[in-house]
Amino acid sequence: MKKSFSFNILNKDSNSKARAGEIHTPHGVINTPCFVAVGTQATVKGLSPNDLKSIGVQLIFGNTYHLHLRPGEDVVEEFGGVGSFMGWNGPTITDSGGFQVFSLGQKKFVNFETGVKDIDIENGTDSGEEDSALVKINDNGVVFRSHIDGSRHLFTPEESIRIQKKLGADIILCFDECAPHPSSHKYAREAMERTHSWALRSLAEFNLDIINTNNMQALYGVVQGGIYKDLREESTRFIGDLPFDGIAIGGVSVGESKKDMRDVLGWVSPLLPDSKPRHLLGIGEIDDIFAGIESGMDTFDCVIPTRFGRYGVIFAPPWESEAEGRFRIDIRRAKYARDSGKMSQDCDCYTCLNFTRAYVHHLFKANELLAYRLASYHNIHFVVRLVDTIRKSILEGNFDKLKKKWCIL
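What counts and how
- Residues numbered from 1 in each chain as written.
- Predicted model: local features only at pLDDT ≥ 70, side-chain atom pairs only at ≥ 80, totals over all residues.
- Heavy atoms only, no water.
- Phe/Tyr/Trp six-rings, centres within 6.5 Å; stacked < 30°, edge-to-face > 60°.
- Helix = DSSP H or I, 4+ residues; strand = E, 2+ residues; numbered from the N terminus.
- Buried < 20%, exposed > 50% of the residue type's maximum accessible area, 1.4 Å probe, protein only.
- Lys NZ or Arg CZ within 6 Å of the ring centre and 35° of its normal.
- 1 Å grid on protein atoms, 1.4 Å probe; cavity = no way out; pocket = protein on both sides within 12 Å on 5 of 7 lines; lining within 4 Å.
- Points joined across faces, edges and corners; volume = space filled by probe spheres on them.
- Nonpolar A, V, L, I, M, F, W, Y, C, P; charged D, E, K, R; others polar.
- Pairing = 2+ DSSP bridges.
- Axes fitted to C-alpha atoms, helices over the stretch in contact; angles between N-to-C directions.
- Parallel < 35°, antiparallel > 145°, perpendicular 65-115°, else oblique.
- Left-handed = near helix turned anticlockwise from the far one by under 90°.
- Contact = heavy atoms within 4.5 Å.

Colleague: Summarise the packing of aromatic side chains; cite the residues concerned and give the values.
Modeller: Centre distance and the angle of the planes are the two values used to describe a pair of aromatic rings. The full count for this structure, using the stated rule, is 18 aromatic pairs. Ring geometry for Phe175 versus Trp198: centroids 4.9 Å apart, planes at 25°, classification stacked. Of this pair, Phe175 sits in the loop between strand 12 (171-173) and helix 7 (185-207) while Trp198 is found in helix 7, placing the two residues 23 residues apart along the sequence. Given the relative accessible area of 0%, Phe175 is considered buried. With centroids separated by 6.5 Å and ring planes inclined at 20°, the aromatic side chains of Phe327 and Trp406 adopt a geometry described as stacked. Here Trp406 lies in helix 16 (residues 399-406) and Phe327 lies in the loop between strand 17 (313-315) and strand 18 (328-330), a separation of 79 residues in the sequence. Classification of Phe327 by relative accessible area gives buried; the value is 4%. Judged by relative accessible area, which is 8%, Trp406 ranks as buried. By way of ring pairs, the aromatic residues Phe290, Phe308, Phe315, Trp319, Phe327, Phe382, Phe399 and Trp406 are connected into one cluster. For Lys53, the ring lying beneath its charged end belongs to Trp88, and the centroid distance is 4.4 Å.

Structure follows, in structure tokens:
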């Protein structure tokens, strides 16, 4: 009995690994490449589900860590899953919660039977510190304290999968460890090996009751290994050989440079199974999107469009952007106070069709909440339309021409 999830490739670019395809899920088809809007707490900040539909968003990314803490997976399950809970009837994806847990503070190993032992990440030595860290980790799982109220929680691969089953997203991710940057080769290997062990345990938990529940979800494995070629290649082979529905590439947005990111994609991409969809975690700047798609990534998520929007940073093509930063303008600058133009000249989003740069500039200067919505709407629309254009170029065989027009790589 197979869940209703599948992936097929419609066309490949002849000069790169870029590809256009379709991911079929219980809640609809995702045309790839596809930018995934991040709805951390079952909401894309500043935008309604109707806004997202009108923009053309296809897939929303929810955060297991945050939804576990509030409102709780049991509440979400009671309302029919994360999509129904937030009023979104399209496909959804959730992460494992690992990245957010590990971002809380210094990692420490803990023996759950005998107590805490602090470990220095780089050297593997006892730090001798008091048990004050928010996060403690060993091969079994992670103990952490909520950033909201300090309550104690335990995430294991099994618990992460159980939570994500209740959240009910179409696509869920294995519990993994994203090593901090910079990390030594020694620690990056330890984190990768834990990720591999947890991948096996995640698969076992995922498949535990699939026959009895007719589970319609798809499970992605996660490739780790930091900025080390040998580890990335080893992780790609290990995860690629397991019976996952798709593969996510983790750790490319955690402190590494853009060159590091492109190096990782160059090592990983040739080893990935061609028949499975690939998700690039945490990538959303314009040049990174081109790099990811050129390397064969099918979907990618990032908070940058809405985060930039809240700061007054507006996406624009390179021929309109400010000299010191390609693909963006800072609408808060005084030079836009009397600018009657649109956010971006060729954009047909709601913001650009109805409001001037001068008006949005005024809203930011006056600290009006509408500023955040209008800027975020434009930025999400800008990225979604660009990726749609990239997809069309792959289908028509002129991706290289589009890439050169944007002067990316």
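Colleague: Provide a residue-level description of the layout of surface pockets, including the pertinent values.
Modeller: Remark: the empty space left among the atoms is shown by a probe the size of a water molecule rolled over them. For the largest pocket, the calculated volume is near 870 Å³. Phe99, Ser253, Gly282, Asp301 and Val303 are, among the 40 residues lining the largest pocket, the residues nearest its centre. If you list the elements that add at least two residues to the lining of the largest pocket, you get helix 5 (98-102), helix 10 (258-268), strand 16 (299-302) and helix 12 (304-311). Looking at the lining of the largest pocket, the element that brings in the most residues is helix 12, giving 4 residues. Within the lining of the largest pocket, the residues separate by chemical class into 14 nonpolar, 16 polar and 10 charged. For the second largest pocket, the lining is made up of 14 residues, of which Asp346, Phe382, Arg385, Thr389 and Trp406 are closest to its centre. Elements with a minimum of two residues in the lining of the second largest pocket: helix 15 (369-396) and helix 16. By residue number, the principal contributor to the lining of the second largest pocket is helix 15, which donates 5 residues. In terms of residue class, the lining of the second largest pocket is built from 7 nonpolar, 3 polar and 4 charged.

Colleague: Tell me about the sheet that holds strand 9 (residues 135-137), residues and numbers included.
Modeller: Taking strand neighbours across the sheet as the criterion, the 3 strands line up as 9-10-11 in an open arrangement whose pairing is antiparallel. Both edges of this open sheet fall to strand 9 and strand 11 (152-155), since each of them pairs with a single strand only. In this sheet, neighbouring strand axes are inclined to one another by 15° on average, regardless of whether the strands run parallel or antiparallel.

Colleague: Provide a residue-level description of empty space enclosed by the protein, including the pertinent values.
Modeller: One pass over the structure, following the stated rule, counts 2 cavities of 30 Å³ or more. Considered as a void within the structure, the second largest cavity measures approximately 40 Å³ in volume. Together, Pro33, Cys34, Phe35, Gly56, Val57, Gln58, Val384, Val387 and Asp388 line the second largest cavity. The element best represented in the lining of the second largest cavity is helix 15, accounting for 3 residues. Looking at side-chain class alone, the lining of the second largest cavity contains 6 nonpolar, 2 polar and 1 charged residues.

Colleague: Give me the pairing of strand 3 (residues 28-32): which residues, what numbers.
Modeller: Pairing geometry for strand 2 (residues 19-25) and strand 3, over 5 bridges, is antiparallel. Pairing of His24 across the sheet is with Val29, part of strand 3.

Colleague: Outline the packing of helix 11 (residues 286-294) against helix 15, listing residues and values.
Modeller: A pair of packed helices is characterised by two quantities: the angle between their axes and the separation of those axes. Two numbers describe how helix 11 lies on helix 15: the axes approach to 11 Å, and their chain directions differ by 30°. It follows that helix 11 is roughly parallel to helix 15 by the angle criterion. The handedness of the crossing between helix 11 and helix 15 is right-handed. Contacts between helix 11 and helix 15 pair Ile286, Ile289, Phe290 and Ile293 from the former with Phe382, Val383, Leu386, Val387, Ile390 and Ile394 from the latter. Tallied by class, the residues present in the contact of helix 11 with helix 15 amount to 10 nonpolar, no polar and no charged.

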